[in-house]
Amino acid sequence: QVLSCRRVCCSMCTAGVGKVSWVYACFKPLSRSRTKGWWCWSTNIKATLCRESHFPQPLGLLLLAYDRGDGLAVADVAPQSPLRESLADGDVITSIDFCTLQNGKDWMRCLNQSHVMYQTGRTGLCVPSALMASGHVSWTPRHPSDLDCCADSAGHSYLSSHLCFQAAGQGAHPTRGDGGFSCLPVRQVIATSAVRRCSQLSDCNSDHFCANITAESLSTRLLAINRKDGWPVLFFGSMGDVYRGLTLSEYVPRSEMVHVAWPAVIDTSLRYLSSISAAFAVLNMLPTFSMDGEFAFGSLLRALELDEGLRERVEAVTTKTCGALLSTTLVAEFIKLWFRRWP
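Starting from 1, residues in each chain are numbered consecutively following that chain's sequence as written. Residue-level local features of this predicted model are given only where pLDDT is at least 70; pairs of side-chain atoms are given and counted only at 80 or more, and the full residue set underlies all totals for whole chains, interfaces and linings. Heavy atoms from the whole structure form the basis of all side-chain values; hydrogens and water molecules are not counted.

**Considering helix α9 (residues 262-284)**
Okay, so step 1: The way it works is that DSSP assigns letters per residue, a run of H or I at least four long becomes a helix, a run of E at least two long becomes a strand, and they are numbered from the N terminus. Here the expected span of a helix is defined as 1.5 Å times the quantity of residues minus one. Helix length check: α9, at 23 residues, gives a terminal C-alpha distance of 33 Å against a target of 33 Å (1.5 Å per residue), a fit within 8%.
Okay, so step 2: Of the positions making up α9, those classed as buried are Pro263, Asp267, Leu270, Ser274, Ser277, Ala281 and Asn284. Burial here depends on accessible area, computed with a 1.4 Å probe over protein chains only, as a share of the maximum for the residue type. Under 20% is buried, over 50% is exposed, and the range in between is partly exposed.

Written out as structure tokens, the structure is:
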């Protein structure tokens with residue numbers, strides 16, 4: 001059986017299924033023992049699947065049905081997420097907070113970069129002077145928690161599409177005038193902003209103000225989520241809700257016939273199979289009854305040229321001890337699962 005397994009492994013190498021020649025070489029010392037072949041197959045499957053799942057050639061076939069490198073596809077939106085009404089499965093996000101997205105690493109990088117920029121003081125948006133003037137309001141905060149110049153005297157905001165902006169730096173500017181406070185339409189501000197974020201007037205063009213949103217804080221931010229097809233989604237809230245509420249995929253479906261979640265399902269299945277195969281390979285090498293480890297351990301003792309009586313006693317004690325420990329562990333795990341399922 002070992003010889004037949006070796007021939008199959010060699011033919012797999014020749015056919016180019018996977019680079020398992022190093023596994024084939026490992027079988028040679030065991031070919032003289034009574035190894036049954038289960039370990040051979042288990043290790044071969046483990047090696048091949050580990051290699052394929054960590055260097056995803058099987059997923060490469062999915063490129064026929066998916067695109068990569070041009071945004072991230074929304075695979076799922078959490079039921080409690082505030083973005084559930086604005087984003088749907090299959091939407092392609094190309095940028096967030098003026099940061100371009102191409103792969104999964106970009107998503108984390110952009111969220112972290114937005115957080116760091118706010119901590120370092122780059123919190124403003126470059127707003128055209130004409131737009132600031134059009135929404136200018138004469139408003140003075142009555143107390144520190146009064147942050148909305150778009151609200152009425154009772155504190156209720158009467159424009160859901162507008163936010164209160166304050167020009168960075170008080171006082172009039174010789175060419176741009178007095179920024180002060182302005183109640184501005186957020187979409188128009190995002191569309192006309194010249195740079196990603198600013199911290200002072202000099203960061204913007206000569207006809208722009210650097211304006212901060214008065215209601216923004218470290219935990220509450222305005223994020224512009226740009227989609228490939230459709231209007232940008234403007235989110236005003238916690239960045240944690242964005243991170244926890246969205247599941248994204250690097251694989252963007254080319255047609256509606258394929259689902260955005262399939263690559264993740266395939267990749268996860270391969271990793272589970274790889275882990276299970278590795279676990280069986282380790283289990284099979286335990287020196288206990290009916291396992292390949294029993295014969296491998298016996299071969300090792302014979303190679304040490306021990307006295308035959310001593311060798312048989314060591315082999316018997318080791319085999320029985322490992323068998324008892326393995327049985328006890330399995331029984332304990334089954335009991336634990338039983339009481340977990342039915343408390």
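What follows continues from the structure just given.
**Focus on the state of the cysteines**
The bond known as a disulfide is covalent and runs between the sulfur atoms of two cysteines.
Okay, so step 1: Only a pair of cysteine sulfur atoms within 2.5 Å qualifies as a disulfide here. Summed over all chains, the structure comprises five disulfides.
Okay, so step 2: The disulfide bridge from cysteine 150 ends at cysteine 183, spanning 2.0 Å between sulfur atoms. When the S-S torsion is 125 degrees, as for the bridge of cysteine 150 with cysteine 183, the disulfide is right-handed. With cysteine 150 in the loop between β6 (136-137) and β7 (162-167) and cysteine 183 in strand β10 (residues 181-185), the pair connects residues that are 33 residues apart, well separated along the chain. Summarising the burial analysis for this pair, cysteine 150 and cysteine 183 share the class buried.
Okay, so step 3: Note on cysteine connectivity: cysteine 198 is disulfide-linked to cysteine 210, with sulfurs 2.2 Å apart. Given an S-S torsion of about 100 degrees, the disulfide between cysteine 198 and cysteine 210 has right-handed geometry. Of this pair, cysteine 198 sits in the loop between α7 (186-192) and β11 (208-213) while cysteine 210 sits in strand β11, and the two are 12 residues apart along the sequence. Taken individually, cysteine 198 and cysteine 210 each receive the classification buried, so the pair is uniform in this respect.

**What about the pattern of salt bridges?**
Okay, so step 1: Just to be clear on terms, a salt bridge is a Lys or Arg side-chain nitrogen sitting within 4 Å of an Asp or Glu carboxyl oxygen. Across all of its chains, the model carries 12 salt bridges by this definition.
Okay, so step 2: One salt bridge connects aspartate 67 with arginine 254, and the closest N-O pair in it is separated by 2.6 Å. Taken as a pair, aspartate 67 in strand β1 (residues 66-67) and arginine 254 in the loop between β15 (252-253) and α9 lie far apart in primary sequence, 187 residues in all.
Okay, so step 3: The class for arginine 254 is exposed, based on a relative accessible area of 51%.
Okay, so step 4: Look at the salt bridges and you will find they share partners, linking Asp97, Arg197, Glu216 and Arg221 into a network.

**Observations regarding the side chain of glutamate 216**
Okay, so step 1: As for its position among the elements, glutamate 216 is in the loop between β11 and β12 (221-227).
Okay, so step 2: One polar contact links the side chain of glutamate 216 to the main-chain amide nitrogen of leucine 222, over a distance of 2.9 Å.
Okay, so step 3: Once residues within four sequence positions are removed from consideration, glutamate 216 is found in contact with Tyr118, Thr123, Arg197, Arg221, Leu222 and Phe236. Within 3.5 Å is the distance limit for a polar contact, defined as a pair of N or O atoms, with the added protein rule that one can donate a hydrogen and the other accept it, and that residues adjacent in sequence qualify only through two side-chain atoms. Working rule for contacts: check all heavy atoms of both residues, and any pair within 4.5 Å makes them a contact.

**Describing the sheet that holds strand β5 (residues 125-128)**
Okay, so step 1: Whether two strands pair comes down to DSSP finding at least two bridges between them. Strand order in the open sheet formed by five strands is β5-β11-β7-β10-β6, and the pairing between neighbours is antiparallel. One side of each edge strand has no neighbouring strand; the edge strands of this open sheet are β5 and β6.
Okay, so step 2: Two strands pair when backbone bridges link them, and β5 and β11 are joined in this way by four bridges, in the antiparallel orientation. Each bridged residue has a counterpart across the sheet, and for proline 128 the counterpart in β11 is histidine 208.

**Side note on a nonpolar patch on the surface**
Okay, so step 1: Note that patches include only residues with greater than 30% relative accessible area and no salt bridge, and the join distances are 9 Å for like charges and 5 Å for nonpolar side chains (Val, Leu, Ile, Met, Phe, Trp, Tyr). Computed with the Shrake-Rupley method and a 1.4 Å probe, the accessible areas treat only the protein chains shown as cover for residues. A cluster of nonpolar residues, Leu300, Leu304, Leu306 and Leu310, forms a patch on the protein surface that exposes about 340 Å² of accessible area.
Okay, so step 2: The residue leucine 306 is located in the loop between α10 (292-303) and α11 (308-341) in this model.

**Some words on the side chain of arginine 197**
Okay, so step 1: Among the structural elements, arginine 197 can be located in the loop between α7 and β11.
Okay, so step 2: Using a relative accessible area of 2% as the deciding quantity, one classes arginine 197 as buried.
Okay, so step 3: A distance of 2.9 Å separates a polar atom in the side chain of arginine 197 from the backbone oxygen of threonine 123.
Okay, so step 4: From its side chain, arginine 197 meets the backbone oxygen of leucine 222 in a polar contact 3.1 Å long.
Okay, so step 5: The residues touching arginine 197, leaving out its near neighbours within four places in the chain, are Asp97, Met117, Arg122, Thr123, Gly124, Leu125, Glu216, Arg221 and Leu222.

**Quick notes on the nonpolar core**
Okay, so step 1: Counting 19 residues, the largest nonpolar core has Leu83, Ile96, Trp107, Val242 and Leu246 as the members making the most contacts within it.
Okay, so step 2: Contributions of two or more residues to this core are made by β2 (72-77), β3 (92-96), α5 (104-119), β12, β13 (233-237) and α8 (239-245).
Okay, so step 3: Discounting residues that sit within four places of it in the chain, leucine 83 has contacts with Val77, Ile225, Val233, Phe235, Val242 and Leu246.
Okay, so step 4: Counting 17 residues, the second largest nonpolar core, distinct from the first, contains Leu131, Met132, Ala167 and Phe209. We call a set of buried residues a nonpolar core when its members are Ala, Val, Leu, Ile, Met, Phe, Trp, Tyr or Cys and they connect through side-chain atoms within 4.5 Å of each other.

**Considerations on the environment of leucine 87**
Okay, so step 1: With respect to the element layout, leucine 87 can be found in the loop between β2 and β3.
Okay, so step 2: Assessed through its relative accessible area of 4%, leucine 87 is described here as buried.
Okay, so step 3: Separated by 10 residues in sequence, leucine 87 and valine 77 have C-alpha atoms that sit 7.4 Å apart.
Okay, so step 4: Those residues in contact with leucine 87 that sit more than four places away from it in its chain are Val77, Ile93, Arg227, Val233 and Leu246.

**Structural notes on unusual backbone geometry**
Okay, so step 1: The backbone of phenylalanine 98 sits at a positive phi, close to 65 degrees, despite the residue not being glycine.
Okay, so step 2: One can find phenylalanine 98 in the loop between β3 and β4 (99-100).
Okay, so step 3: With a phi angle near 55 degrees, glutamate 305 is a residue other than glycine that sits in the positive phi range.
Okay, so step 4: The exposed category is assigned to glutamate 305, whose relative accessible area is 71%.

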